[in-house]
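As a plain string of letters, each chain reads:
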Protein chains: 2
Amino acid sequence: MIYKKLSAEEAASFIKNDDVIGFCGFTPAGCSKVISQALAKKAEEEHAKGNPFKVGVFTGASTGDMIDGVLARANAIKFRSPYQSNTDLRNALNAHDAHYFDLHLSELPQYLRYGFLPKPRIAILEASSVTDDGKIYLTSGVGISPTIARLADIIFIELNRYHPEALAGIHDIYEPADPPVRKEIPVYSPSDRIGVPYIQVDPKKIAGVVETNLPNEVGKFTPADEITNRIGANVANFLSSEIKAGRIPASFLPVQSGVGNIANAVLGAMGSNKDIPAFQVYTEVIQDAVIDLMKAGRVTFASGCALTLSTPALEDVHNNLDFFKQKILLRPQEISNSPEVARRLGLISINTALEADIFGNINSTHVVGTKMMNGIGGSGDFCRNAYLSIFTTPSVAKGGKISAIVPMVSHVDHSEHSVKILVTEHGVADLRGLSPVQRAELIIENCVSPEYKGILNRYLKLGQKGHTPQNMEAALSFHVAFNQTGDMRNVNF
Amino acid sequence: MIYKKLSAEEAASFIKNDDVIGFCGFTPAGCSKVISQALAKKAEEEHAKGNPFKVGVFTGASTGDMIDGVLARANAIKFRSPYQSNTDLRNALNAHDAHYFDLHLSELPQYLRYGFLPKPRIAILEASSVTDDGKIYLTSGVGISPTIARLADIIFIELNRYHPEALAGIHDIYEPADPPVRKEIPVYSPSDRIGVPYIQVDPKKIAGVVETNLPNEVGKFTPADEITNRIGANVANFLSSEIKAGRIPASFLPVQSGVGNIANAVLGAMGSNKDIPAFQVYTEVIQDAVIDLMKAGRVTFASGCALTLSTPALEDVHNNLDFFKQKILLRPQEISNSPEVARRLGLISINTALEADIFGNINSTHVVGTKMMNGIGGSGDFCRNAYLSIFTTPSVAKGGKISAIVPMVSHVDHSEHSVKILVTEHGVADLRGLSPVQRAELIIENCVSPEYKGILNRYLKLGQKGHTPQNMEAALSFHVAFNQTGDMRNVNF
């Protein structure tokens, strides 16, 4: 290897206050693990000396504690985009200690290229191998790697021996040209390869390689429970009835599914529903459920941006690469989340709502309208462009003190226009072709928890006239009641 | 001509209670003018006899009084999608006498094909000519015509002699296949032709032809004034500074522009700004300003869905078809508003807000959160996928009693994620890469009317913590004050 071997500390020493850094990876999969920690330590040392030290951080999506956690605790983040899910960073950005710019994930690479956001001077990429002529083979997450590798002046590689070199070939790296000379993104089926299996860079830009041998920091998802299983069954039954009605082709369509225990329950229910044929996945995050269904022959192919797997599942993939490399492709998020491709393929998009309203608007991000939870992630890329866009949520939280369905969501991430089907454990509301009042009646009837039906029906009749009968004095009364009493059932109208 | 010549009344006699009708046209351009009126008369007669008579109505976008006005006054509309702008229909849907389903315009044709919405049994198309082998040449608007012509069992043609037969060739008709066999929409430049200049149908489906000779019902737009001219200048100066900064290519990018007097002022200002090169337009509605700029050599090509021109401007086009057919293409709204094409071409998208909030969310549709004004139209198709998405609005309305910029919009059509630049007569807020608090400070500083700056700054400091510092008790206080006192300046917090 022609590259200089560095310690993480040596690599971090290149990074200066006010630098902008692009990190490889997507969700903890494929993220930097050691240079980021050394960087946090350097920040703390600089702060101890009384020196300012903060950096701008771009990633694919969320990271592990080894990027967002350590840097947030070191108060070393000046700004952050496009997504996060780390407790310490969440606290920092809600306290305005770090500026967070929440973005549709597909948009970040092009906004970096267009010059709309600060250019990353440094790219830090995790690789399973790197060649002397500048071919970088990534690990289990792609994210924004191709773009930051091209834009950055300096690249550091974390060569992670935990990932077998034989992983090479699972990635499909393609970066579109920019307008006015952009062409189509030629993906016509989830399995279509359109690029090359590596990122090609000028070897001179690789300032050093840090060797590691560390697994991804993929946390445990909450296991499925009775509520999530009922949501999963409702989604699966709805989809099989759509096939019977001829509104979904009998051969089915590729599935995009969000992250977490509801998504796992939905995929599980779809896998065990005999009326749904074996299907393909075109998504951002490939979770354990997809691997299980693949082994059972129920998922025939999965295209994603990251293998966000538990350690046993990832080792299963590593140990059976001949099998899985035929069935899995990892793409940059600009392609995995491409609106063009989502609409062309006709994705069935299934995402989770934090909060929904009776008119069909979705809040994916803000707790009681103010505190950022994680970010919008890819949900906007997918739901707006899907063949059919489904949102799921348990009907209540905190033992009923919070209704997930309110008169007006406290923050809108997905408008009524992007939400076709709403599913809770109680049932399914098919909102297609309905006016706001019709949607409200159906959502209250089919999806709302019984203890909130009366309150929401009363809200609907509060008397303000119009297409969408919102009452400006009471629209946020559920949130006010929760802030004041800790229980939305104490609404005052 | 092999087709049966019918009177409008004879054609209307085919239409039954509960029928679903698809109308040609987009904005009043190219809409049905006489069958719709005969249908309204028939509905009134049936109602007088005590019989129910309502129909479902799909169109491209808004129509003239000759569809939406007469049918609404006859109480003959059961449901309506995807857009309207007629006073009587607006009153009807705000009173829930007609169910209105507001939709991104690009989505309607595919939702009709997918079976997500009731199938139109009857299509009514305005044509400039029709051949015996079923080739229909449209007039000045395309809308959803190709799809309804294919799906309907029966087609009526309004053969409008007002439009010259030589218009043939200005249309480019292309309907994509549906997933899972859809391919790319091969538009790489606004002038790319990808289809044929006519709609091909089975001649047996054409149940009759009604001859007319009537201009489009294009209303007068409010003329530009000092406020709109300042908005226009702010947009043009901002765009020229982006060229200088290298964030927009020196060759510029295709422009999408909304409808109305602000859009006309913006286009006018761009046309007279010497730092902006002659440009192309890729939009839905081609207004008078585009024709003026074309004649002045400042617009080199315009692709749209409709020629929504004043009668003098349309006659100018008709009289100079050799010139204009080289420079204008009319496409179905599925193509003119295609998210895939918008993102590939890299549109500079300029749309008007009814209301914006300090965090960058946009309300395009609902007056004080409840009353529908028109609909979302194509703004969502364009702004979400644009290279750069700009929203414009005068900072106040009703002599200052309404601030167009509020703490929280009363309805969200475009989330913070789709809004990059906000422009009022006072200035420009460039929101790219900013956190919600940074956006709020910038919008208040640059865009808000002076008399509201203090109130909005006070709102920002109300003390609720979090990434987006909304206060659930005061977020809609501007709207409550307006409802109670007629003046938002009387907020109570």
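The coordinates are above.
Source: prediction; values computed, not measured. (Residues numbered from 1 in each chain as written. Chains lettered and ligands numbered in written order. Predicted model: local features only at pLDDT ≥ 70, side-chain atom pairs only at ≥ 80, totals over all residues. Heavy atoms only, no water.)

Caption draft 1: A look at the interface of chain B and chain A. Taken together, the contact pairs 80 residues of chain B with 81 residues of chain A. For the pair chain B and chain A, the summed buried surface comes to about 7,100 Å²; carbon and sulfur atoms form 54% of the total. Its largest share of buried area at the contact with chain A, chain B owes to B:R343, B:R384 and B:H467, together 12% of the area lost on that side. Our count for the chain B to chain A interface comes out at four salt bridges. (Contact = heavy atoms within 4.5 Å. Buried area = accessible area lost by both parts, 1.4 Å probe. Salt bridge = Lys/Arg side-chain N within 4 Å of Asp/Glu carboxyl O.)

Caption draft 2: Main features of the sheet that holds strand 17 (residues 355–357) of chain B. Residue and element names in this part refer to chain B. If you walk across this open sheet you meet the three strands as 18-17-24, and the pairing is mixed. Two strands lie at the open edges of the sheet, namely strand 18 (362–363) and strand 24 (405–406), each paired on one side alone. The pairing of strand 17 with strand 18 spans two bridges and is antiparallel. Its bridge partner lying in strand 18, E355 is registered against N363. (Pairing = 2+ DSSP bridges. Helix = DSSP H or I, 4+ residues; strand = E, 2+ residues; numbered from the N terminus.)

Caption draft 3: Representation of helix 9 (residues 288–295) of chain B. Buried within helix 9 of chain B are the following residues: B:A289, B:V290, B:I291, B:L293 and B:M294. At the exit of helix 9 of chain B stands B:G297, carrying a positive phi of roughly 80°. (Buried < 20%, exposed > 50% of the residue type's maximum accessible area, 1.4 Å probe, protein only.)

Caption draft 4: Seen up close, the pattern of salt bridges. Under the criterion given, the structure shown has 62 salt bridges over all chains. Of the charged contacts, one joins A:R73 and A:D88 as a salt bridge, the two residues approaching to 2.6 Å between their closest N and O atoms. With a gap of 15 residues between them, A:R73 in helix 3 (residues 65–73) and A:D88 in helix 4 (residues 87–94) connect regions that are remote in the sequence. With a relative accessible area of 45%, A:R73 lands in the partly exposed category. Assessed through its relative accessible area of 27%, A:D88 is described here as partly exposed. The salt bridge partner of B:K295 is B:D316, with a shortest N-O separation of 2.5 Å. Of this pair, B:K295 sits in helix 9 while B:D316 sits in helix 10 (residues 311–319), and the two are 21 residues apart along the sequence. Exposure remark for B:K295: the relative accessible area of 49% places this residue in the partly exposed category. A single network of salt bridges, built from pairs that share partners, joins A:R113, A:R150, A:E175, A:D178, A:R182 and A:E334.

Caption draft 5: Up close: a nonpolar patch on the surface. On the surface, A:L354, A:V367 and A:M373 cluster together into a nonpolar patch covering about 190 Å² of accessible area. Summarising the element assignment, A:L354 is placed in the loop between strand 16 (348–352) and strand 17 (355–357). (Patch = residues over 30% accessible without salt bridge, like charges linked within 9 Å, V, L, I, M, F, W, Y side chains within 5 Å. Areas by Shrake-Rupley, 256 points an atom, 1.4 Å probe, with all protein chains shown as cover.)

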